[in-house]
Amino acid sequence: MEKLLTIRQVAAATGLSVHTLRYYEKIGLLCSIHRNENGYRCYSSMDITWIEFLTRLKATGMPITGMLEIAELRRQGDSTLTARRILLEEHYRAVQQNMIELQNNLHLLADKIVTYKEMENNYYASHASKQKPEKPQE
């Protein structure tokens, strides 16, 4: 028999808060969460896998509306596999584009850092009486 987890155990395992898990259930991202005889939520390994997938979608910038769309299609069963794949492919392309933009911005930052280092060296070389400040401690 599979060991079911409490909401607090799931929160600890997934990094989501108890409040977030309840919210996800309320809005329909999580459904059919089993309750024990005392009415407490009991999460299965399949529930945890789904929560981890939702967490990845969120981390990659998918809005809640997109996550809800996938959740609803999932509830409808295997006849929606193609629709779910298409949604994920669209999101994948958006994430790829975002990564390209982030990489371009990172290169610009690296170039600006090099420029500032050169400007600092020139400044301190022409103002020999001034000392270069120490790097701040982290």
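Model, not experiment: these values are computed from the prediction.

1. Here's the deal with the UniProt feature "domain: HTH merR-type" (unreviewed entry) in the protein
Here is step 1: The UniProt feature table records "domain: HTH merR-type" (unreviewed entry) at residues 4-73.
Here is step 2: As annotated, residues 4-73 comprises 61% helix and 6% strand, and the C-alpha atoms at either end are separated by 25 Å.

2. Considerations on unusual backbone geometry
Here is step 1: Even without being a glycine, serine 32 presents a positive backbone phi close to 60°.
Here is step 2: Topologically, serine 32 is positioned in the loop between helix H2 (18-27) and strand S1 (34-35).
Here is step 3: Take serine 32: its relative accessible area is 67%, and that puts it in the exposed class.

3. Comments concerning the side chain of aspartate 47
Here is step 1: Along the polypeptide, aspartate 47 turns up in helix H3 (residues 45-59).
Here is step 2: Of the side chains bearing the opposite charge, arginine 74 lies closest to the buried aspartate 47, which forms no salt bridge; the N-O distance is 6.0 Å.
Here is step 3: Once residues within four sequence positions are removed from consideration, aspartate 47 is found in contact with Ile33 and Cys42.

4. Some thoughts on the packing of helix H1 (residues 7-14) against H2
Here is step 1: Contact pair H1 / H2: the axes reach a minimum separation of 9 Å and the direction vectors enclose 105°. Between H1 and H2, the interaxial angle falls into the category roughly perpendicular. Here H1 contributes Ile7, Arg8, Val10 and Ala11 to the contact with H2, which in turn contributes Val18, Leu21 and Arg22.
Here is step 2: In terms of residue class, the contact of H1 with H2 is made up of 5 nonpolar, no polar and 2 charged.

5. So, the packing of aromatic side chains
Here is step 1: Tallied over the full model, the rule gives 3 aromatic pairs.
Here is step 2: Summarising the aromatic geometry, the rings of tryptophan 50 and phenylalanine 53 are spaced 5.6 Å apart at their centres and angled 35° between planes, so their arrangement reads as tilted. Here phenylalanine 53 and tryptophan 50 lie together in helix H3, a separation of 3 residues that amounts to about one turn.
Here is step 3: Its guanidinium or amino end placed over the ring of tryptophan 50, arginine 74 lies 4.0 Å from that ring's centre, counting from NZ or CZ.

6. With respect to the UniProt feature "coiled-coil region" (unreviewed entry) in the protein
Here is step 1: In this numbering, the UniProt entry assigns the feature "coiled-coil region" (unreviewed entry) to residues 85-112.
Here is step 2: With 100% helix and 0% strand, the stretch residues 85-112 has end C-alpha atoms that lie 40 Å from each other.

7. Side note on the side chain of glutamate 25
Here is step 1: By secondary structure assignment, the location of glutamate 25 is in helix H2.
Here is step 2: Excluding anything up to four places from it in sequence, glutamate 25 contacts Leu30, Ile33, Arg35, Arg41 and Tyr43.

8. Here's the deal with the nonpolar core
Here is step 1: Counting residues in each nonpolar core, the largest one holds 22 residues, and the members touching the most others are Leu21, Tyr24, Leu30, Tyr43, Ile51, Leu54 and Met67.
Here is step 2: Element by element, the count of residues in this core is highest for H3, at 5 residues.
Here is step 3: Those residues in contact with leucine 54 that sit more than four places away from it in its chain are Tyr24, Leu29, Leu30 and Met67.

9. Brief notes about the packing of helix H4 (residues 64-76) against helix H5 (residues 81-126)
Here is step 1: With their axes 9 Å apart at the nearest point, H4 and H5 run at an angle of 160° to one another. Judged by the inter-axis angle, H4 sits roughly antiparallel to H5. Note that H4 runs across H5; the crossing there is left-handed. Contact residues: Glu69, Ile70, Leu73 and Arg74 in H4; Ala83, Arg84, Leu87 and Leu88 in H5.

Conventions and cut-offs
Counting of residues starts from 1 at the beginning of each chain's written sequence and follows it residue by residue. Residues qualify for local features only when their pLDDT is at least 70, as the model is predicted, and side-chain atom pairs are given and counted only at 80 or more; totals for whole chains, interfaces and linings, by contrast, use all residues. With hydrogens and water excluded, all non-hydrogen atoms of the structure serve as input to the side-chain values. UniProt positions are given in the numbering used here, feature names are shortened, and annotations may be inferred rather than shown by experiment. Every helix listed is a DSSP run of H or I at least four residues long, and every strand listed is a run of E at least two residues long, numbered separately from the N terminus. A 1.4 Å probe rolled over the protein chains alone gives each residue an accessible area, and that area as a share of the maximum for its type sets the label: buried under 20%, exposed over 50%, partly exposed in between. In this tally, Lys and Arg are treated as positive and Asp and Glu as negative; His is ignored, and so are the chain termini. By salt bridge we mean one thing: a side-chain nitrogen of Lys or Arg within 4 Å of a carboxyl oxygen of Asp or Glu. Residue contacts follow a heavy-atom distance rule, with two residues in contact if any of their heavy atoms lie within 4.5 Å. Here an angle of 0 to 180 degrees is reported between the N-to-C directions of two axes, which are lines fitted to C-alpha atoms, with helices fitted over the stretch in contact. Note on angle classes: values under 35 degrees are labelled roughly parallel, values over 145 roughly antiparallel, values of 65 to 115 roughly perpendicular, and the remainder oblique. Lys, Arg, Asp and Glu make up the charged group, whereas Ala, Val, Leu, Ile, Met, Phe, Trp, Tyr, Cys and Pro make up the nonpolar group; the residues left over, Gly among them, are polar. Each aromatic pair joins two rings of Phe, Tyr and Trp (for Trp, the six-membered one) with centres within 6.5 Å, and gets the label stacked for planes under 30 degrees apart, edge-to-face for over 60, and tilted for any other angle. The criterion is that NZ of a Lys, or CZ of an Arg, lies within 6 Å of the ring centre and within 35 degrees of the ring normal, and then a charge sits over that ring. Residues grouped as a nonpolar core are buried Ala, Val, Leu, Ile, Met, Phe, Trp, Tyr and Cys residues, joined through side-chain atoms within 4.5 Å. Throughout, a crossing is termed right-handed when the near helix is turned clockwise from the far one, and left-handed when it is turned anticlockwise from it by less than a right angle.

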